[in-house]
There are 2 protein chains.
Amino acid sequence: MANNDAIPVEPDHGGGIRQRSRASIERRILDAAESVFAEAGFNGATTAEIARRAGIPKANLHYYFKTKDDLYQQVLTGIVNTWLHTADEITAEADPAHALAHYITAKIELAREQPIPSRVFANEVIHGAPHLGTYLGSELRSWVEAKAKVIRGWITAGKMREVDPRHLLFMIWASTQTYADFAAQISAVLGRDQLSQQEYKAVARQVTEIILRGCGLTPPNPS
Amino acid sequence: MANNDAIPVEPDHGGGIRQRSRASIERRILDAAESVFAEAGFNGATTAEIARRAGIPKANLHYYFKTKDDLYQQVLTGIVNTWLHTADEITAEADPAHALAHYITAKIELAREQPIPSRVFANEVIHGAPHLGTYLGSELRSWVEAKAKVIRGWITAGKMREVDPRHLLFMIWASTQTYADFAAQISAVLGRDQLSQQEYKAVARQVTEIILRGCGLTPPNPS
DNA sequence: GAGAATCCTGACCATTTGATCAAGATTGTT
DNA sequence: AACAATCTTGATCAAATGGTCAGGATTCTC
């Protein structure tokens, strides 16, 4: 766990040095924590390694974040907040094919651009989500119910084949996030260090095609 | 890497108490280890907890398995061996629709019946597969290439739509294993402690339908 | 039944790790 | 300048943990 280089310190241009410095150092710590948690999980992550990557002494880390759990909570909260608004285009008025294609493509792009937070979240859920409190059963559940209602509306309107919308969402999550969470496996099997942007586009197209056709929809022609 | 094969043993070829006891206690330890590794990951798992669940003193655990890493290797090997032969029905002669439907259904059933080993494996891969050595890039890669060749044959024969077989496999893995790995999330979102067997059958049917239709195949009528 | 092989276990150790603290350094305020 | 608030850090601690060991208990072989 001693690989990544420390995160470079940003110059402190103008404005209250204290406040700005505080914000930037907290950001550095959170970024460092994110990567360490993603690589080692909550238990395997050490505050010493997080501090090292953030470029500060361990004692200083504990000045900004009282406990390791506190730090982990903040990382999880950040991820969750990012994810809450990724399917805004799934609305009753939208065209199902376009909305789903857009959602799937966006999720694949997210998997490519930000695999690390995805892994922290996946790790947390695999271990039974002990630090997620009631989030999954309340907020996320409501979110899913709302989206499911939209999709059921599409089905009732005869716009797509009859499927269970919740399990359709699970399938989309799985098929897209696997490219972030299981990147090591995919890279090894394909024999590449990492996929090119072209390959990600091809993946997005294929996943979209299979799921849309599977729902009785015609995939929009990708431009 | 030294496992208990190195322990000088063998003079008991009669199924005596020694051999029987050793086999059963090793099984108990491996089962305990499996569950602890699944819950806490490699780093978070403690040999003390594994020993406690196996009902033996910690020192005795270290008699059967020299190191924690040794134990983990054996757990991983067991999982991998189980998985190696789950898609035997995917052959050049087989009917694509039936073969894929059978594979997907079998994987969903495996996710229901043995979610714990799946989680250990998922956890390992998420963290970059540091303990899997060259398995992903050699054995698994060859396995995927062989299956991909079969599917390409189906495509060439005009039996199914043109897709990248490797990413199709990734999609099947993701869509099925998510019901083992992310069970906590799925349970919470659906508001149930765990899915009934009926629900698993419905899931298998829906995943099969979407993927087969997505590949231009007609799902076989489930009997 | 005696001696050997195997198994069991409490006690122990070295290291790691999350967290604390006191003293010093820097920045803000009057 | 003087004093307060905030930040930094080396040193340190208590707990947890992977692993060892010596010696006792049990089972096997002859």
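Predicted model, so just to flag it, every value in this text is computed and none were measured.

## Focus on the overall build of chain A
Argument step 1. Looking only at helices and strands, one finds ten helices and zero strands in chain A.
Argument step 2. When its helices and strands are written in sequence order, chain A yields α-α-α-α-α-α-α-α-α-α.
Argument step 3. For chain A, the spread of C-alpha atoms along the three principal axes comes to 60 × 40 × 40 Å.
Argument step 4. Split into buried and exposed, the 223 residues of chain A put 51% on the buried side.
Argument step 5. Put simply, chain A shows about 10,500 Å² of open surface, and 50% of that area lies on carbon and sulfur atoms.
Argument step 6. Within chain A, the 25 negative side-chain charges are centred at a point lying 1 Å from the centre of the 24 positive side-chain charges.

## Some points on the packing of aromatic side chains
We describe a pair of aromatic rings using the distance from one ring centre to the other and the angle between the two ring planes.
Argument step 1. Inspection of the entire model under this criterion finds 14 aromatic pairs over all chains.
Argument step 2. The interplanar angle of 15 degrees and the centroid separation of 6.1 Å between the aromatic rings of Phe-37 of chain A and Phe-42 of chain A together place this pair among those described as stacked. Side by side, Phe-37 of chain A and Phe-42 of chain A carry an identical accessibility label, which is buried.
Argument step 3. Ring centres of Trp-143 of chain B and Trp-173 of chain B lie 6.2 Å apart, and the angle between their planes is 40 degrees; this geometry places the pair in the tilted category.

## Remarks on the relation of the copies chain A and chain B
Argument step 1. It takes a turn of 180 degrees to lay chain A on chain B, together with a shift of 0.0 Å along the axis; the resulting RMSD is 0.2 Å. Taken together, the turn and the small shift mark the pair as related by a two-fold rotation axis. Of the C-alpha atoms belonging to chain A, the one lying closest to the rotation axis is found on Gly-214 of chain A, 2.3 Å away.
Argument step 2. Interface residue correspondence from chain A to chain B reaches 98%, placing this contact among same-surface, isologous pairings.

## Considering the environment of Ile-211 of chain A
Argument step 1. Within the element layout of this structure, Ile-211 of chain A appears in helix α10 (residues 197-214).
Argument step 2. What makes Ile-211 of chain A buried here is its relative accessible area of 0%.
Argument step 3. For the pair formed by Ile-211 of chain A and Ala-101 of chain A, sequence separation is 110 residues and the distance between their alpha carbons is 8.9 Å.
Argument step 4. The residues contacting Ile-211 of chain A, other than those within four sequence positions of it, are Ile-104, Leu-168 and Ile-172 of chain A together with Met-171 and Ile-210 of chain B.

## Examining the confidence of the model for chain A
Argument step 1. In this model, chain A carries an average pLDDT of 90, and 90% of its residues clear a pLDDT of 70 or more.
Argument step 2. Considering only residues more than four positions removed or in separate chains, one finds that residues 1-15 of chain A, a stretch of pLDDT under 50, has 32 contacts.

## Focus: the environment of Glu-124 of chain A
All names here are of chain A.
Argument step 1. Inspection of the secondary structure puts Glu-124 in helix α6 (residues 115-126).
Argument step 2. Taking relative accessible area as the criterion, Glu-124 reaches 2% and is therefore assigned buried.
Argument step 3. Residue contacts for Glu-124: discarding those within four places in its chain leaves Tyr-72, Leu-76, Ala-129, Pro-130, His-131 and Leu-132.
Argument step 4. Here Tyr-72 takes part through its side chain, which lies 2.6 Å from a polar atom of the side chain of Glu-124.

## Notes on the environment of Ala-148 of chain A
All names here are of chain A.
Argument step 1. Relative to the helices and strands, Ala-148 resides in helix α7 (residues 136-156).
Argument step 2. Taking the relative accessible area as the measure of exposure, Ala-148 reaches 0% and is therefore buried.
Argument step 3. Residues Ala-148 and Pro-130, 18 residues apart in the sequence, show an inter-C-alpha distance of 26 Å.
Argument step 4. Filtering out sequence-adjacent residues up to four positions away, Ala-148 remains in contact with Pro-165 and Arg-166.

## So, helix α4 (residues 68-84) of chain B
One turn of the α-helix equals 3.6 residues, which is why residues spaced by three or four share an orientation.
Argument step 1. Over its 17 residues, α4 of chain B runs 24 Å from end to end, which matches the ideal 24 Å to within 8%, given 1.5 Å per residue.
Argument step 2. All buried positions along α4 of chain B are accounted for by Asp-70, Leu-71, Tyr-72, Gln-73, Val-75, Leu-76, Ile-79, Val-80 and Trp-83 of chain B.

## As for the interface of chain A and chain B
Argument step 1. Contacts between the two partners involve 51 residues from chain A, matched on the other side by 50 residues from chain B.
Argument step 2. At the boundary of chain A and chain B, one finds two salt bridges.
Argument step 3. Counting every contact that joins chain A to chain B gives 15 residue pairs in polar contact (both at pLDDT 80 or more).
Argument step 4. When residues of the side of chain A that touches chain B are assigned to their parent elements, the largest contribution, eleven residues, is made by helix α8 (residues 165-181) of chain A.
Argument step 5. Along the lines of polarity and charge, the residues of the side of chain A that touches chain B split into 28 nonpolar, 14 polar and nine charged.

## A look at unusual backbone geometry
All names here are of chain A.
Argument step 1. In this structure, Ala-129 takes a positive phi of about 55 degrees despite not being glycine.
Argument step 2. Mapping Ala-129 onto the fold places it in the loop between α6 and α7.
Argument step 3. A relative accessible area of 10% means that Ala-129 is categorised as buried.

Rules used throughout
- Residues numbered from 1 in each chain as written.
- Chains lettered and ligands numbered in written order.
- Predicted model: local features only at pLDDT ≥ 70, side-chain atom pairs only at ≥ 80, totals over all residues.
- Heavy atoms only, no water.
- Helix = DSSP H or I, 4+ residues; strand = E, 2+ residues; numbered from the N terminus.
- Buried < 20%, exposed > 50% of the residue type's maximum accessible area, 1.4 Å probe, protein only.
- Areas by Shrake-Rupley, 256 points an atom, 1.4 Å probe, with all protein chains shown as cover.
- Lys, Arg positive; Asp, Glu negative; His and termini not counted.
- Charge placed at Lys NZ, Arg CZ, Asp CG, Glu CD.
- Phe/Tyr/Trp six-rings, centres within 6.5 Å; stacked < 30°, edge-to-face > 60°.
- Least-squares fit on C-alpha atoms with pLDDT ≥ 70 in both.
- Contact = heavy atoms within 4.5 Å.
- pLDDT = per-residue confidence, 0-100.
- Polar contact = N/O pair within 3.5 Å; in protein donor to acceptor, adjacent residues only side chain to side chain.
- Expected span 1.5 Å × (residues − 1).
- Salt bridge = Lys/Arg side-chain N within 4 Å of Asp/Glu carboxyl O.
- Nonpolar A, V, L, I, M, F, W, Y, C, P; charged D, E, K, R; others polar.

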